[in-house]
Amino acid sequence: NNAMAMVDQIAVCLGQIDPTNHAQYEQNAAMLKVRLMLLKQEIEQQAQRFTGLKFICLHDAFHYYEKMVGVTNVGVLASTHSLEPSLKHLSTLKT
């Protein structure tokens, strides 16, 4: 849903900057939103087999995906992108 809102906002802003091509921006936005919807449906279909599973990830950045797919993040390996997980931290992760 955030992507759809961003597409709409970008089309509006481009239309304000370039009113001559406003209709083209709106048309492009509508086509992109259809493609995004189809992509989301495809991801949901392919990810159905993972619904209900638990997983551990490198960093905590998958909230939308977790909700969409129905999986549960039970551990984060690194708290920041620049740090590798320590053995002590890895030993605390449980599934």
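In the block above lies the structure referred to throughout.
As the structure is a computational prediction, the values presented were derived from the model and not from experiment.

A. Representation of the overall build of the protein chain. Secondary structure assignment for the protein chain yields four helices and two strands. From first element to last, N terminus to C terminus, the protein chain shows the α and β order α-α-β-α-β-α. Within the protein chain, the proportion of its 95 residues that are buried is 15%. Contacts in the protein chain between residues far apart in sequence, at least 24 positions, make up 20% of those at least 6 positions apart. When the accessible area of the protein chain is evaluated, it comes to approximately 7500 Å², of which 60% is carbon and sulfur surface.

B. Main features of the layout of surface pockets. Within this model, the largest pocket holds a volume of roughly 460 Å³. Along the walls of the largest pocket sit 13 residues, with Asn1, Asn2, Lys40, Tyr64 and Met68 positioned nearest its centre. Every element with two or more residues in the lining of the largest pocket is listed here: helix H1 (2-17), helix H2 (22-47) and helix H3 (63-69). Among the elements that take part in the lining of the largest pocket, H2 stands out by supplying five residues, more than any other. Residues belonging to the lining of the largest pocket are distributed by class as follows: nine nonpolar, two polar and two charged.

C. Local environment of the environment of Gln9. You can see Gln9 is positioned in helix H1. Sequence spacing of Gln9 and Ala29 is 20 residues, and the spatial spacing of their C-alpha atoms is 9.4 Å.

D. Quick look at the pattern of salt bridges. Per the counting criterion, the structure on display carries two salt bridges. With a closest N to O distance of 2.9 Å, Lys33 and Asp8 form a salt bridge. With Lys33 in helix H2 and Asp8 in helix H1, this pair connects stretches of sequence that are 25 residues apart. Between Lys40 and Glu44 there is a salt bridge whose closest N-O contact spans 4.0 Å. With Lys40 and Glu44 both in helix H2, this residue pair falls four residues apart, about one helical turn.

E. Main features of the side chain of Asn73. Considering the arrangement of structural elements, one finds Asn73 in strand E2 (residues 72-76). When residues no more than four places from it in sequence are discounted, the contact partners of Asn73 are Phe55, Ile56, Cys57, Asp60 and Glu66.

F. Representation of H2 in the model. Here H2 is 26 residues long and its end C-alpha atoms lie 37 Å apart, about the 38 Å a rise of 1.5 Å per residue gives. Residues of H2 that are buried include every one of Tyr25, Ala29 and Ala47, and no others. In this structure, the buried side of H2 is in contact with H1 and H3.

Rules used throughout
Residues numbered from 1 in each chain as written. Predicted model: local features only at pLDDT ≥ 70, side-chain atom pairs only at ≥ 80, totals over all residues. Heavy atoms only, no water. Helix = DSSP H or I, 4+ residues; strand = E, 2+ residues; numbered from the N terminus. Buried < 20%, exposed > 50% of the residue type's maximum accessible area, 1.4 Å probe, protein only. Contact = heavy atoms within 4.5 Å. Areas by Shrake-Rupley, 256 points an atom, 1.4 Å probe, with all protein chains shown as cover. 1 Å grid on protein atoms, 1.4 Å probe; cavity = no way out; pocket = protein on both sides within 12 Å on 5 of 7 lines; lining within 4 Å. Points joined across faces, edges and corners; volume = space filled by probe spheres on them. Nonpolar A, V, L, I, M, F, W, Y, C, P; charged D, E, K, R; others polar. Salt bridge = Lys/Arg side-chain N within 4 Å of Asp/Glu carboxyl O. Expected span 1.5 Å × (residues − 1).

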